Amino acid sequence: MRGGLAVALAIIVSLAVLAGIGAISGNLTFFGTKGHPEPPAERTYRKLISRDFGNLVPLNAGLDVCNIGGTRQGCYDASKKMIDALDSLLRDLDTTYVPSRYVDANDAVRHGVQRLRDGYQTRNSGLATNDNASFIRGNDELKQANGDINRAWRLLPADARP
């Protein structure tokens, strides 16, 4: 037991020394993600994401018309508003600098948002053509896209999640 403790202590001291040398030379990063902190750019990106996803909240509530008791036209119109807002979000992501620590998460968010948009489009196509299978397929796409977006948030560094 005592020998194991001595070995563990020696390893800890060695790691501390290596970390100190790495920090002094600038070759060590203390973040578990690619890239480096860019506080101003990260603030701008988080603000954009928060605003754009915040804009979806009232539109999401408007989609209640797609449930039992709603109307086909109401569902179509509410879904169209969501498609337009998702298009706007994608345009914002296209024109905003992505901080280096956010690159992987941004790609995943874009993928999830595009899938959401496609799901609403598939659903609206089903509504427009009276094709229940397309409507159901669109709903399935929406469920999958929501899972994609939840996974995307987990790709952001823990200290940088919006």
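One can find the structure itself at the top, above this paragraph.
Residues numbered from 1 in each chain as written. Predicted model: local features only at pLDDT ≥ 70, side-chain atom pairs only at ≥ 80, totals over all residues. Heavy atoms only, no water.

### What about the overall build of the chain?
Then step 1. Assigned secondary structure in the chain consists of 5 helices and 0 strands.
Then step 2. For the chain, the sequential pattern of α-helices and β-strands runs α-α-α-α-α.
Then step 3. Evaluated residue by residue, the chain yields a buried proportion of 35% over its 162 residues. (Helix = DSSP H or I, 4+ residues; strand = E, 2+ residues; numbered from the N terminus. Buried < 20%, exposed > 50% of the residue type's maximum accessible area, 1.4 Å probe, protein only.)

### Some remarks on the packing of helix 3 (residues 72-95) against helix 4 (residues 103-129)
Then step 1. At a minimum axis distance of 9 Å, the contact between helix 3 and helix 4 shows a crossing angle of 155°. Here helix 3 is positioned roughly antiparallel relative to helix 4, judged by the angle of their axes. As helix 3 runs across helix 4, the sense of the crossing is left-handed.
Then step 2. In terms of residue class, the contact of helix 3 with helix 4 is built from 14 nonpolar, 6 polar and 7 charged. (Axes fitted to C-alpha atoms, helices over the stretch in contact; angles between N-to-C directions. Parallel < 35°, antiparallel > 145°, perpendicular 65-115°, else oblique. Left-handed = near helix turned anticlockwise from the far one by under 90°. Nonpolar A, V, L, I, M, F, W, Y, C, P; charged D, E, K, R; others polar.)

### Brief notes about the state of the cysteines
Then step 1. A complete count under the given rule lists 1 disulfide for this structure.
Then step 2. Disulfide pairing is shown between Cys-66 and Cys-75; the S-S distance is 2.0 Å. Judged by the sign of its S-S torsion, about 100°, the bond between Cys-66 and Cys-75 is right-handed.
Then step 3. Residue classification places Cys-66 among the buried residues on the basis of a relative accessible area of 16%. (Disulfide = S-S within 2.5 Å.)

### Re the packing of aromatic side chains
Then step 1. In the structure shown here, the tally under the stated rule is 2 aromatic pairs.
Then step 2. An angle of 70° between the planes, with centres 5.0 Å apart, marks the rings of Tyr-45 and Tyr-102 as edge-to-face. A residue pair is termed long-range when its members are at least 10 positions apart, and Tyr-45 in helix 2 (residues 39-62) and Tyr-102 in the loop between helix 3 and helix 4 qualify at 57 residues.
Then step 3. The class for Tyr-102 is buried, based on a relative accessible area of 0%.
Then step 4. Ring plane angle 65° and centroid distance 5.3 Å describe the contact between Phe-53 and Trp-153, whose orientation is recorded as edge-to-face. Taken together, the residues span a long stretch of sequence, with Phe-53 in helix 2 and Trp-153 in helix 5 (residues 132-155) at a distance of 100 residues.
Then step 5. On the basis of relative accessibility, which here comes to 23%, the residue Trp-153 falls in the partly exposed class. (Phe/Tyr/Trp six-rings, centres within 6.5 Å; stacked < 30°, edge-to-face > 60°.)

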